[in-house]
Amino acid sequence: MTGSWFPEIHTLAHTAAGWLGTDYDSGAPTWVHPLMHLILVLAPSLLMISLLALIVRTLRPLLQHHDKRDLRHRRRPRIGGLDRNLLTQLLRRTGRRQVGLLLLSLSLMPPLYLSLEMPKQIVNNVLEPSAGPVEIFDFTLSQTQMLGLFSTIYLAAISLNGLGKYTLNRCKGLVAEHLLRRLRLLIYRHWRYRLPHHRQSEIVQVLGAEVEPIGGFAADLIALPVTQGGTLLTILLFMFLQDPILGAAALTVLPVQLALLPYLQRIVNQLSRERIRAMRVLTCGLAEQLSPEQNGLDGIRKTASSLRELEQIRYRIHRVKFLAKALNNFLTALTPFLFYSLGGYFVIEERITLGALIAVLAAHKDFSAPLKELFRYYQQLEDSRIRYRAVLEFLIERPGPPRPKDSAT
């Protein structure tokens, strides 16, 4: 196949393949050409557009803070000891601990890369029939001894990686619980002495379900993007070192994921705000029924209506989340198709070794996990912002005069 429906794309694909050292000619099978066009031209172009759009959406709220109205808003005092910005509040309370989590996260990358490299070395340099004795530091090792040495290095790498993850998760738990206790104390103090009597029924919901996810997000604030992003980049680097085309193929479906995720997340954000409001209405209604004069059929009807509304909102949230999960799983499953087809062709043409292809396939199995975690982090960030904003609205809505302190306090 020497022509193409899109000559410019065809030319760009050949140029990119030659630059990567994996050029292909008219003797390649027909199905190779459209795959190379997709991997080397279309997917990178869509990826750049998606990343630029994501950066603009992320920076737009920050740039809007430079007008006078937002500057006045930022100068307003804290509410009950809570900063008006979620990220500022988290960094102010956990800044030093975040540095320790960052260093722990970075220490996981070298053992991870070693755990990816050793299986390829075992297949290519030990299990090959032509492999013979090897000299290492003036020691001559037989094929069996090399297998034992490489297997030991692989075991040490995965052990160090697992131990590091355990230590990191334990430290993250301490950060989350410490911040959660501080948040609950600040909210409780402000509620006890500042809020009017009719707001008291909402405090259980605020201190429980609405605040708890914020503590979990504080532990992931820096550690999760560094750990999962570093894992993603380490695996991607490993793939590119095996073969640049296969490394680029791993990113083929990423533009579609970047386009779908923010759109579906905006729907979930709106539904989450509705769920919080509906849950507070239910909580207030149940609190009113504690009074004997309010414990009638009207209260039962209101409770049933609130439960029905919550059911509908939660069902819509589940539907959107499961749609996003199904699409993500389908798109992730498409990448091995590119590995088996193009990678198999490269093995037949002896452009890469079978061990390199097996290593790329094994690495991709671990490639989708950090990508899903980064998408979950984005969802967790938006959910925490919504919950934090709801907590601030609870603290400032209809404020009453300060209540006298109890003699016991």
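Note that this is a predicted model, so its numbers are computed, not measured.

Colleague: Before we move on, can you summarise the overall build of the chain with the specific residues and values?
Modeller: A tally of regular secondary structure across the chain gives 13 helices and two strands. Residues counted as buried form 43% of the 409 residues belonging to the chain. In the chain, 81% of the contacts between residues at least 6 apart in sequence involve partners at least 24 apart. Summed over all atoms, the accessible surface of the chain reaches about 23300 Å², with 64% contributed by carbon and sulfur.

Colleague: Describe in detail the side chain of N161, supporting the description with residues and values.
Modeller: The residue N161 is located in helix α6 (residues 143-194) in this model. The class for N161 is buried, based on a relative accessible area of 11%. With near-sequence residues (within four places) excluded, N161 lies in contact with L108, P111 and L112.

Colleague: Can you lay out the packing of helix α7 (residues 203-210) against helix α8 (residues 212-220) for me, pointing to particular residues and giving the numbers?
Modeller: Interaxial distance between α7 and α8 falls to 5 Å at its minimum, and their mutual angle equals 30°. Taken together, the axes of α7 and α8 are roughly parallel relative to one another. Within the contact between the two elements, α7 uses G208, A209 and E210 and α8 uses E212, P213 and I214. Considered class by class, the residues forming the contact of α7 with α8 number three nonpolar, one polar and two charged.

Colleague: Explain a nonpolar patch on the surface to me, and be specific about the residues and the numbers.
Modeller: A surface patch of nonpolar side chains, about 350 Å² in accessible area, is lined by V99, L102, L103 and L106. Checked against the element boundaries, L103 lands in helix α4 (residues 86-106). Judged by its relative accessible area of 55%, L103 is exposed.

Colleague: Go over helix α5 (residues 109-126), please, and point to the residues and values.
Modeller: With 18 residues, α5 extends 25 Å from end C-alpha to end C-alpha; this agrees with the ideal 26 Å at 1.5 Å per step. Among the residues making up α5, those that are buried are M109, P111, L112, S115, L116, E117, M118, K120, Q121, I122 and V126.

Colleague: Any chance you could break down the environment of L106 for me, citing the residues and the numbers?
Modeller: Within the fold, L106 resides in helix α4. A relative accessible area of 48% places L106 in the partly exposed class. Counting along the chain gives 117 residues from L106 to A223, while the straight-line C-alpha distance between them is 8.9 Å.

Colleague: Got a sec to walk through the environment of A359? Specific residues and values, please.
Modeller: Mapped onto the fold, A359 is located in helix α13 (residues 354-396). For the pair A359 and Q242, spaced 117 residues apart in sequence, the C-alpha separation works out to 8.4 Å. Those residues in contact with A359, other than ones at most four positions away along the chain, are K120 and F238.

Colleague: Could you give an account of the packing of aromatic side chains, naming the residues involved and the relevant values?
Modeller: Under the criterion given, the structure shown has three aromatic pairs. Taking the centre distance of 6.0 Å and the plane angle of 50° together, the rings of Y345 and F346 count as tilted. Residues Y345 and F346 agree in their burial class; the two are buried.

Colleague: Requested: an account of the nonpolar core, with residues and values cited.
Modeller: Ranked by internal contacts, the top residues of the largest apolar core, which has 40 residues, are L40, M239, L342 and F367. Taken together, the elements giving at least two residues each to this core come down to α1 (7-19), α2 (32-64), α9 (223-242), α10 (244-249), α11 (254-288), α12 (297-348) and α13. The next biggest cluster of nonpolar side chains, apart from the first, holds 26 residues, and it includes I79, I214, L221 and L395.

Colleague: Let's hear about the pattern of salt bridges: which residues, and what values?
Modeller: Oppositely charged side chains are able to pair whenever their charged atoms sit close together. Across all of its chains, the model carries seven salt bridges by this definition. R184 is the salt-bridge partner of E212, the closest N and O atoms lying 3.6 Å from each other. Here E212 is found in helix α8, whereas its partner R184 is found in helix α6, with 28 residues between them in sequence. On the basis of relative accessible area, R184 is assigned to the partly exposed category, the value being 28%. The partner of D383 in a salt bridge is R387, and the shortest N-O contact between them spans 2.8 Å. Linking D383 with R387, this pair stays in helix α13, spanning four residues, or about one helical turn.

Colleague: Residues and numbers for the packing of α12 against α13, please.
Modeller: Put simply, α12 and α13 touch, their axes get as near as 11 Å, and they point 165° apart. Taken as axis vectors, α12 and α13 run roughly antiparallel relative to one another. The element α12 and its partner α13 pack so that their crossing is right-handed. Of α13, the residues touching α12 (which contributes N328, N329, T332, T335, P336, F339, Y340, G343, G344 and V347) are L354, L357, V360, L361, H364, S368, K372 and F375. For the contact of α12 with α13, the per-class residue count stands at nine nonpolar, eight polar and one charged.

Colleague: If you had to explain the environment of P29 to someone new, which residues and values would you point to?
Modeller: Within the secondary structure, P29 is located in the loop between α1 and α2. Remark: the alpha-carbon pair of P29 and Y345, spanning 316 residues in sequence, is separated by 9.2 Å.

Colleague: I'd love a proper account of the side chain of D220, names of residues and values included.
Modeller: Within the secondary structure, D220 is located in helix α8. When residues no more than four places from it in sequence are discounted, the contact partners of D220 are K172, P225, R376, Y377 and Q380.

Basis of the calculations
Residues numbered from 1 in each chain as written. Predicted model: local features only at pLDDT ≥ 70, side-chain atom pairs only at ≥ 80, totals over all residues. Heavy atoms only, no water. Helix = DSSP H or I, 4+ residues; strand = E, 2+ residues; numbered from the N terminus. Buried < 20%, exposed > 50% of the residue type's maximum accessible area, 1.4 Å probe, protein only. Contact = heavy atoms within 4.5 Å. Areas by Shrake-Rupley, 256 points an atom, 1.4 Å probe, with all protein chains shown as cover. Axes fitted to C-alpha atoms, helices over the stretch in contact; angles between N-to-C directions. Parallel < 35°, antiparallel > 145°, perpendicular 65-115°, else oblique. Nonpolar A, V, L, I, M, F, W, Y, C, P; charged D, E, K, R; others polar. Patch = residues over 30% accessible without salt bridge, like charges linked within 9 Å, V, L, I, M, F, W, Y side chains within 5 Å. Salt bridge = Lys/Arg side-chain N within 4 Å of Asp/Glu carboxyl O. Expected span 1.5 Å × (residues − 1). Phe/Tyr/Trp six-rings, centres within 6.5 Å; stacked < 30°, edge-to-face > 60°. Core = buried A, V, L, I, M, F, W, Y, C linked by side-chain atoms within 4.5 Å. Left-handed = near helix turned anticlockwise from the far one by under 90°.

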